[in-house]
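# A look at the structure
One letter stands for each residue in the lines below.
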Amino acid sequence: MKIVLIICDGLGDRPIKDIGFRTPLEASRKPSMDFIAANGICGIMDPIAPGVRPGSAPAHLAIFGYNPYECYRGRGVFEALGLGVDVKPGDLTFRVNLATVDGNLTVIDRRAGRIGSDDSSMLFRLLNEELRIPGVEVYFYPGVEHRGVLVIRGEGLSWMVSDTDPERDGASISMCRPLDESIEARRTAELVNRISIDAHRILSKSEVNRRRASEGKLQANAILVRGASFYEHVSRIDERYGLKACCIAGGPLYKGVARYLGMDVIEVKGATGTYESDFKAKVEACTRSLENYDLVYLHFKATDLAGEDGNYRRKIEMIERIDDALYRIIDRVEDCIITLTADHSTPCSIRTHSADPVPVAIAGPDIRVDDVGRFEERLCAKGGLNRIRGLDLMPILLDVANLTHKYGA
Ligand code: ZN
């Protein structure tokens, strides 16, 4: 039996006064999602634990059955893996922005005027050529526009260090500080500050920035790092469950989590992790992947973006568009386990993640279907799954797919 795991990012929400105290899910027309709920067993899920507001990466780890308290060591590693960077156990990774600073190291623009990927790639390459720090290897990898990844490889490093990104324009670049008492954290903070100073020196005298200045563009003369992260070795998902698994996602973070767990990443044209992403192409790729894979993880980011924008109309629109795309897969409940859930709630009212549990529905043959007929937060709470944690989901899916073994005799 094959398993499809559909995760709509940040899907859960809270009642919104303007739409009659309904949540965006409750206010949406979504026949495909409701079909999965009506033909499945439903419940609500605390991705990590009740009251814990999950980041997307630790929530995903938990949902795939990996205890985030044991293996989550920061976000940067997943961003790096998502960009296809060959990260190795022990590597320290950061997310990095190219930014514009003035002579006092005050940030003028955290995104260097939304520098294009061409200039940004050239500047990251220059840093790789010229920046040398004794005792460690330092690599920069360009991402989209001003974004990239920094990897520091060497002995005696720690991920318990603070960001240098002040998170707003008009503030000075922050000093990287140790977040615990260890020698490793102190040494790492010193290294990061040294890299930051050297990068500023190298970028300031670069040919690319001379040209940008002559064109009246903001110079990308500094780096801002955040999300220090360690690569912690975990067993691959195929070793753990005996399932060949793949991921269909647009956002680098989600591809990164999938690669971290040893899943294949299926690249889909038009899958961008934005509002404009081609949801239908993703669902079609999901259907095709069921021929070669036992577990297909299908991720949609747009619901979370709308929550973070505080835009409930957008969230409803995204739910309905995703629902329309899911129409192509729901008839597979006859021979597959189709699971629909979220990695956390992103209520429009607070524009960030909350600990409100998310709805979950599991449909497929031989399922103990309950009375819940619609995929909504409050209705699913009345379903036969009751309230579970993220770590419970994979064992339940393996059981209903008859892929698990008896405990004891
Ligand atoms: Zn998320």
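Calculation criteria
- Residues numbered from 1 in each chain as written.
- Predicted model: local features only at pLDDT ≥ 70, side-chain atom pairs only at ≥ 80, totals over all residues.
- Heavy atoms only, no water.
- Helix = DSSP H or I, 4+ residues; strand = E, 2+ residues; numbered from the N terminus.
- Rg over C-alpha atoms; globule rule 2.2 N^0.38 Å.
- Buried < 20%, exposed > 50% of the residue type's maximum accessible area, 1.4 Å probe, protein only.
- Contact = heavy atoms within 4.5 Å.
- Lys, Arg positive; Asp, Glu negative; His and termini not counted.
- Charge placed at Lys NZ, Arg CZ, Asp CG, Glu CD.
- Donors = N, O, S within 2.8 Å, 3.2 Å for Na, K, Ca; no water.
- Expected span 1.5 Å × (residues − 1).
- Axes fitted to C-alpha atoms, helices over the stretch in contact; angles between N-to-C directions.
- Nonpolar A, V, L, I, M, F, W, Y, C, P; charged D, E, K, R; others polar.
- Left-handed = near helix turned anticlockwise from the far one by under 90°.
- Phe/Tyr/Trp six-rings, centres within 6.5 Å; stacked < 30°, edge-to-face > 60°.
- Domains from an automatic or database assignment.
- Buried area = accessible area lost by both parts, 1.4 Å probe.
- Salt bridge = Lys/Arg side-chain N within 4 Å of Asp/Glu carboxyl O.
- Polar contact = N/O pair within 3.5 Å; in protein donor to acceptor, adjacent residues only side chain to side chain.
- Pairing = 2+ DSSP bridges.

For the protein, the count of helices and strands is 15 helices and 13 strands. For the protein, whose C-alpha radius of gyration is 22 Å, the value lies close to the compact-globule estimate of 22 Å for 409 residues. Taken along its principal axes, the extent of the C-alpha atoms in the protein is 65 × 55 × 40 Å. For the protein, with 409 residues in total, the buried portion stands at 57%. Nonlocal contacts in the protein, meaning residues at least 24 apart in sequence, comprise 73% of its contacts between residues at least 6 apart. For the protein, the separation between the mean place of its 54 positive charges and that of its 59 negative charges on side chains is 3 Å.

Turning to the coordination of the zinc ion, a few remarks are in order. Ligation of the zinc ion by protein atoms is provided by Asp 9 (OD), Asp 9 (OD), Ser 56 (OG), Asp 343 (OD) and His 344 (NE2), these donors lying 1.9 to 2.7 Å from the ion. Taken in sequence order, the residues that donate to the zinc ion follow the motif D-x46-S-x286-D-H. With Asp 9 in the loop between β1 (2-8) and α1 (24-27) and Asp 343 in the loop between β11 (336-341) and β12 (358-363), this pair connects stretches of sequence that are 334 residues apart. As far as the burial class goes, Asp 9 and Asp 343 line up, both buried.

Further remarks concern helix α7 (residues 183-204). Given a rise of 1.5 Å per residue, 22 residues ought to cover 32 Å, and the 32 Å separating the end C-alpha atoms of α7 matches this to within 8%. Taken residue by residue, α7 has Ala 185, Thr 188, Ala 189, Leu 191, Val 192, Asn 193, Ile 195, Ser 196, Asp 198, Ala 199, Ile 202 and Leu 203 as its buried positions. Where the residues of α7 are buried, they touch β3 (92-101), α6 (117-130), β5 (137-142), β6 (147-153), α8 (207-214) and β7 (222-230).

This part is about the packing of α6 against α8. For the pair α6 and α8, the least separation of the axes is 9 Å and the interaxial angle reads 145°. For the pair α6 and α8, the contacting residues are Asp 119, Met 122 and Leu 123 in the first and Val 208, Asn 209, Arg 211 and Arg 212 in the second. Its residues placed into classes, the contact of α6 with α8 shows 3 nonpolar, 1 polar and 3 charged.

What follows deals with the environment of Phe 64. Following the sequence through the fold, Phe 64 ends up in the loop between α3 (56-63) and α4 (68-71). As for Phe 64 and Pro 395, which are separated by 331 residues in sequence, their C-alpha atoms are 9.4 Å apart. Sequence-distant contacts of Phe 64, that is, excluding residues within four places in its chain, are made with Leu 5, Ile 237, Tyr 241, Leu 261, Met 263, Tyr 297 and Met 394.

Turning our attention to the packing of α6 against α7. Relative orientation of the contacting elements α6 and α7 amounts to 120°, with a least axis distance of 10 Å. Judged by the sense of rotation from one axis to the other, the crossing of α6 with α7 is right-handed. Residue-level inspection shows Leu 123, Leu 126, Leu 127 and Glu 130 of α6 in contact with α7, the latter providing Ala 199, Ile 202 and Leu 203. Its residues placed into classes, the contact of α6 with α7 shows 6 nonpolar, no polar and 1 charged.

On inspection of all chains with the given rule, the structure shows 7 aromatic pairs. Measuring from centroid to centroid gives 6.0 Å for Phe 124 and Phe 140, while their planes differ by 20°, and the two rings are stacked. Highlighted residues: Phe 124 in helix α6 and Phe 140 in strand β5, separated in sequence by 16 residues. Taking relative accessible area as the criterion, Phe 140 reaches 2% and is therefore assigned buried. Aromatic rings pair up to connect Tyr 72, Phe 78, Tyr 231 and Tyr 260 into one cluster.

Size of an interface: often given as the accessible area lost when the parts come together. According to the domain assignment, the protein consists of domain 1 (2-71 + 234-400) and domain 2 (80-229). Computed over C-alpha atoms only, the centres of domain 1 and domain 2 are separated by 33 Å. With 5 residues of domain 1 in contact, the opposing surface of domain 2 contributes 4 residues. Both faces combined, the contact of domain 1 with domain 2 buries some 320 Å², and carbon together with sulfur accounts for 70% of it. Counting across the domain 1 and domain 2 interface gives 0 salt bridges. On inspection of domain 1 and its partner domain 2, the count reaches 2 residue pairs in polar contact (both at pLDDT 80 or more).

A few words on helix α10 (residues 252-260). Most of α10 is tucked away, with 7 of its 9 residues classed as buried. Taken together, the buried positions of α10 are Leu 253, Tyr 254, Lys 255, Gly 256, Val 257, Ala 258 and Tyr 260. Looking at the buried positions of α10, the neighbouring elements they touch are α3, α4, α5 (76-82), β8 (245-248), β9 (264-265) and β10 (295-300). Phi turns positive one or two residues past the end of α10, at Gly 262, with a value near 80°.

To continue, consider the side chain of Ser 162. Along the chain, the position of Ser 162 falls in the loop between β6 and α7. Of note is the side chain of Ser 162, whose polar atom sits 2.7 Å from the backbone nitrogen of Arg 177.

Here Glu 26 is to be found in helix α1. Looking at Glu 26, its side chain comes within polar contact range of the side chain of Arg 378, at 2.7 Å. Ignoring sequence-local partners within four residues, the contact set of Glu 26 consists of Phe 21, Glu 376, Glu 377 and Arg 378.

Taken in spatial order, the 8 strands line up as β9-β8-β10-β1-β11-β12-β2-β13 in an open sheet, and their pairing is mixed. Whereas interior strands pair on both sides, the edge strands pair on one side only; in this sheet they are β9 and β13 (386-389). In this sheet, β11 lies alongside β1 in parallel orientation, the contact comprising 6 bridges. Paired with Ile 7 across the two strands is Thr 341, which belongs to β11. Relative to the sheet, helix α11 (residues 279-289) contacts β1, β8 and β10, its axis offset from that of β10 by approximately 175°. Across the sheet, helix α15 (residues 390-400) is in contact with β1, β2 (40-46), β10, β11, β12 and β13; its angle to β13 comes to roughly 105°.

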